[in-house]
Each structure stands twice: as structure tokens, then as C-alpha cells.
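Okay, here's what each chain looks like letter by letter:
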Amino acid sequence: MNYLGIEFDVKNKNQVDKGYIPFYPWIREYSKRAGEDFAIAIERNDGLLSVYKTKIIGTEEFFPADKRYIERLVKFLLWAKGGFKITLCGNEKVGNFVKEAYRLNGEREFDRDFMSDVYDKSLTVSVTGFENTPSENEKAEKVGGHLDGCRIGFDAGGSDRKVSAVIDGETVYSEEVVWFPKTTEDPDYHFDEIVAAFKTAASKMPRVDAIGISSAGIYINNMTRRASLFLKVPKEQFDKKVRDIYIRACKALGDDIPFVVANDGDVSALAGSMNLESNKVMGMAMGTSEATGYIDKNGNIAGWLNELAFAPVDLNEDAMQDEWSKDFGVGCKYFSQDAVIKLAFMAGISLEPHLSPAEKLKEVQKLMEGGDERAEAVFASIGCYLAHTLPLYSMFYDIESLLLMGRVMSGKGGDLILSECKRILNEEYPELAKSLTPMLPDEKMRRVGQSVAAASLPQLI
């Protein structure tokens with residue numbers, strides 16, 4: 001393959017998506033030519049600062065490749081780690097190209113506005129010399145794994161809310177209740193439903209020592225920054241009643257009860273780590289979108305966003321566009337039900353337009369169960385996406401176990417995604433295949449899973 005003058009080899013090409021240009025194999029070949037120092041520093045909350053040092057080629061001939069590499073790399077780091085201040089250290093021409101993308105009405109305006117909202121600070125981009133690269137300031141936090149006492153574990157899903165009463169690590173009560181958070185404008189509805197779940201679990205125990213909450217979205221210091229659960233809540237009401245919704249809900253059970261709110265991806269990774277009794281675990285859920293979380297070598301979370309649904313994995317500029325961010329080639333269109341639907345169309349499978357995305361996924365899964373070769377090609381293609389993306393993720397995350405979850409991974413389709421991913425890893429990335437194991441959750445993991453992991457988040461005072 002050739003992209004922007006860089007020739008690179010991909011032995012296992014995508015069966016269905018013929019335009020797919022995997023990011024990592026291109027980086028690997030690009031890096032062999034690169035020799036000019038460049039660094040990307042991103043500051044986030046509490047003065048924390050991530051620094052990534054790399055090299056560009058730095059010649060006029062390869063300027064298109066240099067600017068594409070750094071622009072995509074900044075995008076990846078921003079959504080992996082989060083932040084409101086980007087400092088580009090090195091080649092001024094390349095740095096200014098990226099800076100222009102993040103201006104008002106620029107190509108990355110969505111990213112700029114999103115991060116500004118998350119951190120309550122306007123995102124800025126500056127360009128300086130490599131010699132001015134700031135020092136990194138990271139701080140991982142130990143979270144979860146605390147099983148003593150009487151605990152509530154709450155999991156806020158988009159279609160149902162789950163709550164468990166957990167005493168010394170054993171689930172004594174659990175329930176799932178259908179609710180409609182994404183279509184409800186009134187934040188009092190969300191608050192009342194959360195408190196009702198808490199009180200139900202509390203009634204099954206002699207006392208409540210701690211509350212752990214797993215929720216889709218971005219949470220900083222237990223405050224809601226962005227979350228699809230509250231999609232319909234008007235901004236004024238969001239700021240007034242949603243930012244501190246979990247804080248208020250926990251206080252409804254008592255002022256002195258310790259509680260922790262965490263992203264559901266991180267809690268999934270924590271559940272995997274607890275069940276595997278090992279660390280360096282990434283959880284990836286392929287459902288409506290791509291949700292990821294990560295537990296490091298010390299059993300900590302890094303405080304990063306891990307919103308890899310918006311991180312680039314495909315360099316094809318004609319790839320499927322993400323409707324929300326307006327970007328092309330980002331993870332949510334490769335590891336989700338949208339990926340199945342996209343590939344089904346490419347494979348020649350006709351799906352009724354009136355069906356919802358979840359219903360379209362079920363139709364393709366039904367074909368897969370019946371041995372349809374087109375459906376097999378769809379799920380094998382997602383396995384191909386995954387195999388070529390894991391080396392990219394491994395540039396930023398030290399992963400030993402990848403826990404694959406979500407409705408896309410169910411049934412024979414999920415089995416094929418996993419087997420095809422492992423096959424390609426062994427053939428094209430043998431060193432990574434030795435150190436990283438993708439897997440599906442076993443019955444123990446499904447049984448204990450999210451509820452106990454969420455309940456284990458707070459440490460008793």
C-alpha cells in the first residue's frame with residue numbers, strides 16, 4: 001500500500017472494506033524515515049500533563065505525511081488522555097497546521113468545543129521549539145478492589161439501570177430496571193430513578209458503608225462533564241442539576257457515605273482485572289459505540305478519558321464519517337454496531353431502512369448464525385480492524401489482557417471477530433501476540449462483573 005508517499009505492507013487486508021488504510025502499519029513504516037524531534041504535551045485537570053515524544057521526517061517532500069501524522073496523533077492523544085491545553089514542540093510549519101485545525105470554525109472545532117466543555121476551560125493550542133518541551137506530570141490513582149462492608153454497586157446503562165447490594169464481596173441482591181434516560185429532558189426523572197435504585201439496594205442490607213457508580217460519560221472529581229445518558233437535558237438544567245447529580249443522590253442516603261463515580265469503560269476493565277487477578281487490562285465494549293477503559297500495571301486508572309471511540313484508526317479520508325464529531329476513520333465506526341451495518345452494506349447484505357441500528361445488527365447476527373458467507377465476511381473484517389488497531393493502542397497503553405464485550409461480540413460473530421483478530425496478530429504482529437491476549441468474558445466474569453466492580457470503587461474511611 002502507498003499513502004502520502006509512504007510504502008507499507010499489510011499482508012492481511014480487509015475482506016470487505018477495500019479502502020481501509022490501517023494507521024499503525026503506516027506509522028511503523030513512516031517512523032523508519034523520521035529523524036526530526038517533535039513532542040506533544042497536553043494539560044488536563046489538576047495540573048496533570050501528558051507528554052508524547054516522537055519524530056517526523058521534516059522535509060518539504062514529506063510535509064503532507066508529516067502534517068497528517070501529527071494531526072492524527074494529536075487527535076488520538078487528545079481523546080485518549082483528555083485536556084484543554086495542547087503544546088506542540090518542534091517543526092513550526094507542522095505545528096501551525098495542527099493549530100489551525102483547532103481554531104474557531106476549524107476542522108477540529110468539535111474536539112475543541114467538547115474538551116472546553118469537559119474541563120470548563122477554552123482549549124488552546126500553542127507552538128514552540130522542541131527544546132521547550134515541558135516535563136510530564138502524570139498521577140495514576142488506585143481505584144476499586146475494595147470488598148469489605150455493605151456496598152451499593154450502581155450501573156447506569158442507556159436502556160436499563162442495574163443495582164446490586166454487595167456484602168463483603170458477595171452479591172446479596174441485584175435488579176435491572178428499564179428506564180429512559182436518553183430521551184427524557186427532566187433531570188429530576190434521572191435523579192429520582194437513581195435514588196430509587198440506591199434505596200432498593202440499601203433495603204437489602206443492614207447498613208450502607210459505600211456507594212460505587214459505573215456510568216457512561218466523562219466524570220471528573222465525581223462531577224458529570226459529558227454523558228449521553230443526559231442527552232436531552234437542556235444545558236441550563238444540565239449545569240444546575242446534572243453536574244452534581246450523583247453527589248446529590250449519594251447524599252440522599254447519608255452525608256458521610258463514601259462514594260466514587262467512574263466511567264463504565266474503566267469499571268469494565270476493573271471487573272476484568274478483579275476476575276483475572278491481574279493488571280494491564282483494557283476493556284472494550286462494542287455496542288452502540290466503542291467504550292474503553294484501562295487498568296495499569298499497578299491496578300490503577302490514569303485519570304485519562306479513554307474515549308477511543310473518537311480516536312483515529314483508519315487513514316482513509318473517504319471512510320465512514322462519524323455524525324457527531326464529523327471526523328473520518330475514528331473508532332466508533334469500526335468497533336460498534338455501526339461497523340456491522342457499514343460492512344453489511346459493503347458485503348451486499350440488504351437491510352430494511354426502517355429498522356433501528358440494534359435491529360439491523362440482529363439481522364446480520366441471524367445471518368451469521370445461519371452460516372451466511374457475507375455475514376461471516378463482515379465479522380471477519382471487524383476482527384481484521386481489531387488486529388491492526390491493537391498495535392496502535394499498545395503504543396499508548398501497556399496491555400496484557402483485552403476483554404471484549406458488548407452486543408457485537410455475542411454469538412458466532414463475536415467468536416469469529418476474536419479468532420480472526422488472533423490469527424492476524426500471530427501472522428503480522430507476532431511479538432505483540434505473545435504479550436497481549438484478547439478474550440471474551442467467561443461465566444464468572446459475567447456473573448460477578450460490573451456490579452461488584454462498581455461496588456468496590458470506594459475505599460472505606
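Below you will find a few notes about this structure.

Digging into the sheet that holds strand β11 (residues 210–215)
Sheet strands line up and pair through hydrogen bonds in the backbone, either parallel or antiparallel. Spatially, β10-β9-β8-β11-β14 is the arrangement adopted by the 5 strands of the open sheet, whose pairing is mixed. Whereas interior strands pair on both sides, the edge strands pair on one side only; in this sheet they are β10 (170–178) and β14 (259–263). Strand-to-strand twist across the sheet, computed as the mean angle between neighbouring axes with direction ignored, equals 15°. Here 8 bridges tie strand β9 (residues 160–167) to β10, and the two strands are oriented antiparallel to one another. Bridge assignment links valine 166 to a residue of β10, and that residue is threonine 171. Of the strands in this sheet, β11 and β14 are in contact with helix α8 (residues 264–276), which crosses β14 at around 100°.

Here's the deal with the state of the cysteines
On inspection of all chains with the given rule, the structure shows 0 disulfides. In this structure cysteine 150 is not part of a disulfide, and its nearest cysteine sulfur, from cysteine 250, lies 16 Å away. Under the relative-accessibility criterion, cysteine 150 is labelled buried at 2%. Relative accessible area serves as the criterion here: at 1%, cysteine 250 is assigned to the buried category.

A few points about the environment of leucine 77
The residue leucine 77 is located in helix α2 (residues 63–81) in this model. The spatial distance from the C-alpha of leucine 77 to the C-alpha of alanine 311 is 7.8 Å, given a sequence separation of 234 residues.

Let's talk about the sheet that holds strand β16 (residues 290–295)
Read from one edge of the open sheet, 4 strands run β16-β15-β18-β19, paired in mixed fashion. Two strands close off the open sheet at either side, each with one partner strand: β16 and β19 (437–439). Strand after strand, the sheet turns through a mean of 15° between neighbouring axes, direction not considered. Across 5 bridges, strand β15 (residues 281–286) lies against strand β18 (residues 401–405) in parallel orientation. Of the residues in β18, the one forming a bridge with valine 281 is serine 401. Its contacts with the sheet place helix α11 (residues 373–393) against β15, β16, β18 and β19, and it is angled at close to 145° to β15.

Points about the layout of surface pockets
One number sums up the size of the second largest pocket: a volume of about 660 Å³. Surrounding the second largest pocket, 30 residues form its lining, Glu141, Tyr219, Asn221, Ile301 and Gly303 being those nearest its centre. For the lining of the second largest pocket, the leading source of residues is β14, giving 5 residues. A breakdown of the residues in the lining of the second largest pocket according to their chemical character gives 15 nonpolar, 9 polar and 6 charged.

A word on unusual backbone geometry
Residue aspartate 168 is not a glycine yet carries a positive backbone phi of 50°. Note on placement: aspartate 168 falls in the loop between β9 and β10. You will see that asparagine 306, though not glycine, has its phi angle at about 55°, which is positive. Relative to the helices and strands, asparagine 306 resides in the loop between β17 (300–301) and α9 (337–346). The buried category is assigned to asparagine 306, whose relative accessible area is 6%.

Quick notes on the pattern of salt bridges
The tally for this structure, following the rule as stated, stands at 40 salt bridges. A salt bridge links aspartate 338 to lysine 333; the shortest N-O distance between them is 2.6 Å. The burial state of aspartate 338 is the same as that of lysine 333; both residues are buried. What you see here is one network of salt bridges that share partners, running through Arg68, Glu71, Arg72, Lys75, Arg108, Asp111 and Asp327.

Structural notes on the packing of aromatic side chains
Evaluated as defined, the whole model comprises 26 aromatic pairs. Ring centres 5.2 Å apart and planes at 70° place the aromatic pair tyrosine 294 and tyrosine 397 in the edge-to-face group. Taken together, the residues tyrosine 294 in strand β16 and tyrosine 397 in the loop between α11 and β18 connect sequence positions 103 residues apart. Site record: aromatic cluster; members linked through ring pairs are Trp79, Phe110, Phe114, Phe310 and Trp324. A cation sits over an aromatic face here: lysine 204 above tyrosine 173, 4.8 Å from the ring centre. Between the NZ or CZ atom of lysine 342 and the centre of the ring of tyrosine 334, over which it lies, the distance is 3.9 Å.

Some points on the nonpolar core
Ranked by internal contacts, the top residues of the largest apolar core, which has 103 residues, are Trp26, Leu386 and Tyr393. With 12 residues, the top contributor of residues to this core is α11. With 33 residues, the next largest nonpolar core counts Phe198, Ile213, Leu229 and Val261 among its residues.

Considering the packing of helix α1 (residues 23–33) against α2
Running from N to C, α1 and α2 cross one another at 130°; their axes reach a closest spacing of 12 Å. On the basis of the axis angle, α1 is oblique to α2. Relative to α2, α1 is oriented so that their crossing is left-handed. Along its contact with α1, which presents Phe23, Trp26, Ile27 and Tyr30, the element α2 presents Ala65, Asp66, Tyr69, Arg72 and Leu73. Looking at the contact of α1 with α2 residue by residue, the class counts come to 7 nonpolar, no polar and 2 charged.

Calculation rules
- Residue indices follow the written sequence of each chain, beginning from 1 at its first position.
- Confidence filtering applies because this is a predicted model: local features only for residues at pLDDT of at least 70, side-chain atom pairs given and counted only at 80 or more, and all residues used for totals across whole chains, interfaces and linings.
- To get the side-chain values, all heavy atoms of the structure are used, and hydrogens and water are removed first.
- When DSSP finds at least two bridges between two strands, those strands are taken to pair.
- Note on conventions: DSSP H or I runs of at least 4 residues are helices, E runs of at least 2 residues are strands, and numbering of each starts at the N terminus.
- Geometry is summarised by axes, namely lines fitted to C-alpha atoms with helices restricted to the contacting stretch, and by angles between N-to-C directions that run from 0 to 180 degrees.
- Working rule for contacts: check all heavy atoms of both residues, and any pair within 4.5 Å makes them a contact.
- Put simply, a disulfide is two cysteine sulfurs that come within 2.5 Å.
- Think of it in three bands: residues with accessible area under 20% of the maximum for their type are buried, residues over 50% are exposed, and the middle band is partly exposed, with areas taken using a 1.4 Å probe on protein chains only.
- The rule is simple: put a 1 Å grid over the protein atoms alone, call a set of points where a 1.4 Å probe fits but cannot get out a cavity, call an open set with protein on both sides within 12 Å along at least five of seven lines a pocket, and count a residue as lining if it has an atom within 4 Å of a point.
- Grid points are joined across faces, edges and corners, and a volume is the space filled by probe spheres set on the points.
- Three residue categories are used. Nonpolar comprises Ala, Val, Leu, Ile, Met, Phe, Trp, Tyr, Cys and Pro, charged comprises Asp, Glu, Lys and Arg, and polar comprises the others, including Gly.
- We define a salt bridge as a contact between a side-chain nitrogen of Lys or Arg and a carboxyl oxygen of Asp or Glu at a distance within 4 Å.
- Here the aromatic set is Phe, Tyr and Trp, taking the six-membered ring for Trp, and pairing holds for ring centres within 6.5 Å; pairs whose planes are under 30 degrees apart are stacked, those over 60 apart are edge-to-face, and all others are tilted.
- Two conditions define a charge located above a ring, namely a distance within 6 Å from the ring centre to NZ of Lys or CZ of Arg, and an angle within 35 degrees of the ring normal.
- As used in this record, nonpolar core signifies buried Ala, Val, Leu, Ile, Met, Phe, Trp, Tyr and Cys residues forming a set joined through side-chain atoms within 4.5 Å.
- To sort the angles, those under 35 degrees are grouped as roughly parallel, those over 145 as roughly antiparallel, those from 65 to 115 as roughly perpendicular, and the leftovers as oblique.
- In a left-handed crossing the near helix is turned counterclockwise from the far helix by less than a right angle, and in a right-handed crossing that turn is clockwise.

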